[in-house]
Amino acid sequence: MAYEITDNPLRGVEAKQGTSGHYGIFDQGAQVWSWQPAGAEPVIWMSEKSWFAEGQPLRGGVPICFPWFGPGRHGDLYPMHGFARLQNWHMSDVKDTLDRDGRFIVEYTLNESMTGDQAQWPHPYRAVFQAKFTPEYLGLELRVENVGSEEITFDEALHTYLHVGDVAQVTIRGLDQETYVDKVAGTEGEVQSGDLTITGETDRVYASTAEVVVHDPVLGRDLVISKSGSANTVVWNPWIDKAAAMSDFGDDEWHQMLCIEAANVLDAPVVLRPGEIHCLKQRITLA
Ligand code: BG6
């Protein structure tokens, strides 16, 4: 069985795995929007209210935030999370061994000649994103190369939206004793004590390179989130009021999602000298 280039609602590529598995990625933002291994509930969450329109951010999947995060470190950059997630990336490679082992690899590239006017970040770069869909794990890899003659500095994140049974019942393990910035409380230097549970709006940037396990008693599974090349783990759930305020987010959808993001942000941006490459990886394993 092969993959399919699709155009609805956005251009991209989709594949079926086994009897009920599904993989999907859009050209816009090189954004993974589906990873559902055969026999499992979807692992990647996508909002039913997402706009699915050219040039608009998608609510769900794995947005690639680059070259800044949120509104940038001084709070004055637009669009939110950088220009890369709104661009059509170039699909540069597809490897299909679906029939043999259920694996599917898609590679996308982006560079400054494709992103046009980059007045807010005027630097030459080459970005390569690879999504590896397998029945056991989803592997994500963002490589950014400085192809110019001056040093460059950027923020980045793989802003992964996970599908959970009930966010209020999950336990997030692996962040004990890590320090974090709490963007809801507006505080810095907080220290995580024990496992993390979600009891209200949560928007935290942890200084952490650790593996995280999302224990989901409702769906009866653990999601193991490992990473490399990443100084921060961002944990986000908008909870009731913020979800209601977002027009591309269903009022009750916050129950079923949780973002665990592999990032380099705040005081840990990536700095590359000419010719250097940085590689950010995240892997989500169904256990
Ligand atoms: C998170 C940020 O990563 O993304 C939050 O920490 C932000 O502050 C959230 O609200 C969603 O961002 P956006 O631009 O997709 O609505």
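Our structure's up above, just so we're on the same page.
Definitions and cut-offs
- Residues numbered from 1 in each chain as written.
- Predicted model: local features only at pLDDT ≥ 70, side-chain atom pairs only at ≥ 80, totals over all residues.
- Heavy atoms only, no water.
- Helix = DSSP H or I, 4+ residues; strand = E, 2+ residues; numbered from the N terminus.
- Buried < 20%, exposed > 50% of the residue type's maximum accessible area, 1.4 Å probe, protein only.
- Lys, Arg positive; Asp, Glu negative; His and termini not counted.
- Salt bridge = Lys/Arg side-chain N within 4 Å of Asp/Glu carboxyl O.
- Contact = heavy atoms within 4.5 Å.
- Pairing = 2+ DSSP bridges.
- Axes fitted to C-alpha atoms, helices over the stretch in contact; angles between N-to-C directions.
- Near = heavy atom within 4 Å.
- Polar contact = N/O pair within 3.5 Å; in protein donor to acceptor, adjacent residues only side chain to side chain.
- Areas by Shrake-Rupley, 256 points an atom, 1.4 Å probe, with all protein chains shown as cover.
- Nonpolar A, V, L, I, M, F, W, Y, C, P; charged D, E, K, R; others polar.
- Phe/Tyr/Trp six-rings, centres within 6.5 Å; stacked < 30°, edge-to-face > 60°.

Novice: What should I look at first to understand the side chain of Arg85 in this one?
Specialist: Note that Arg85 resides in the loop between strand E5 (64–65) and strand E6 (90–97). One buried charged side chain, Arg85, makes no salt bridge at all; its nearest oppositely charged neighbour is Asp248, positioned 7.2 Å away. Excluding residues that lie within four positions of it along the chain, Arg85 makes contacts with Gln28, Gly29, Gln31, Pro57, Pro63, Ile64 and Met80.

Novice: Can you walk me through the sheet that holds strand E4 (residues 31–36) in this structure?
Specialist: Two strands in a sheet stick together by hydrogen bonds in their backbones, pointing the same way (parallel) or opposite ways (antiparallel). Taking strand neighbours across the sheet as the criterion, the 4 strands line up as E1-E2-E3-E4 in an open arrangement whose pairing is antiparallel. Two strands in the sheet have a free side with no partner beyond their single neighbour: strand E1 (4–6) and E4. Going across the sheet, the axis of each strand differs from the next one's by a mean of 20°, ignoring polarity. Of the strand pairs in this sheet, strand E3 (residues 21–26) and E4 are connected by 5 bridges, and their pairing is antiparallel. By the bridge assignment for E4, Tyr23 is matched with Trp35.

Novice: For this particular structure, what's the right way to read the site of the ligand?
Specialist: Around the ligand, a shell composed of 13 residues is seen, among which Arg59, Arg85, His159, Asp203 and Glu261 lie nearest. In this structure, an oxygen atom belonging to the ligand sits 2.9 Å away from a side-chain N or O atom of Arg85. Residue Glu261 places a side-chain N or O atom 2.8 Å away from an oxygen atom belonging to the ligand. For the ligand, whose unbound accessible area comes to 390 Å², protein coverage reaches 89%. Among the residues forming the shell around the ligand, the class breakdown is 5 nonpolar, 2 polar and 6 charged.

Novice: Can you walk me through the packing of aromatic side chains in this structure?
Specialist: Describing an aromatic ring pair means giving the distance of the ring centres and the angle of the ring planes. Counted according to the given criterion, the structure contains 17 aromatic pairs. Their ring planes at 35° and their centres at 5.3 Å tell us that Tyr3 and Phe104 sit as a pair that is tilted. Of the two residues, Tyr3 sits in the segment before E1 while Phe104 sits in strand E7 (residues 103–111), which places them 101 residues apart along the sequence. Exposure remark for Phe104: the relative accessible area of 0% places this residue in the buried category. Aromatic side chains Phe66 and Phe154 sit 5.1 Å apart centroid to centroid with 70° between the ring planes, which places their arrangement in the edge-to-face category. Of the two residues, Phe66 sits in the loop between E5 and E6 while Phe154 sits in strand E10 (residues 152–154), which places them 88 residues apart along the sequence. When its relative accessible area of 2% is taken as the criterion, Phe66 is described as buried.

Novice: Before we go on, may I ask you to explain the pairing of strand E15 (residues 187–191) in this structure?
Specialist: A regular strand places its side chains on the two faces of the sheet in alternate fashion. Bridge count between strand E14 (residues 179–182) and E15: 3 bridges; the pairing is antiparallel. Bridge pairing in E15 links Tyr180 to Glu190. What sits between E14 and E15 in their antiparallel hairpin is a turn of 4 residues, with Gly186 showing a positive phi close to 75°.

Novice: Looking at this model, I keep getting lost on unusual backbone geometry. Mind explaining?
Specialist: Leaving glycine out, the prevailing phi sign among residues is negative, and the prevailing peptide bond configuration is trans. A cis amide bond links Asn8 with the next residue in sequence, Pro9, at an omega value of 5°. For the peptide bond that leads from Phe66 to Pro67, omega is 0°, which places it in the cis range. Even without a glycine there, the phi angle at His81 is positive, about 70°. Take His81: it is sitting in the loop between E5 and E6. In the Ramachandran plot, Leu266 falls in the positive-phi region, its phi being about 50° despite a non-glycine side chain. Structurally, Leu266 can be placed in the loop between strand E20 (257–264) and strand E21 (270–272).

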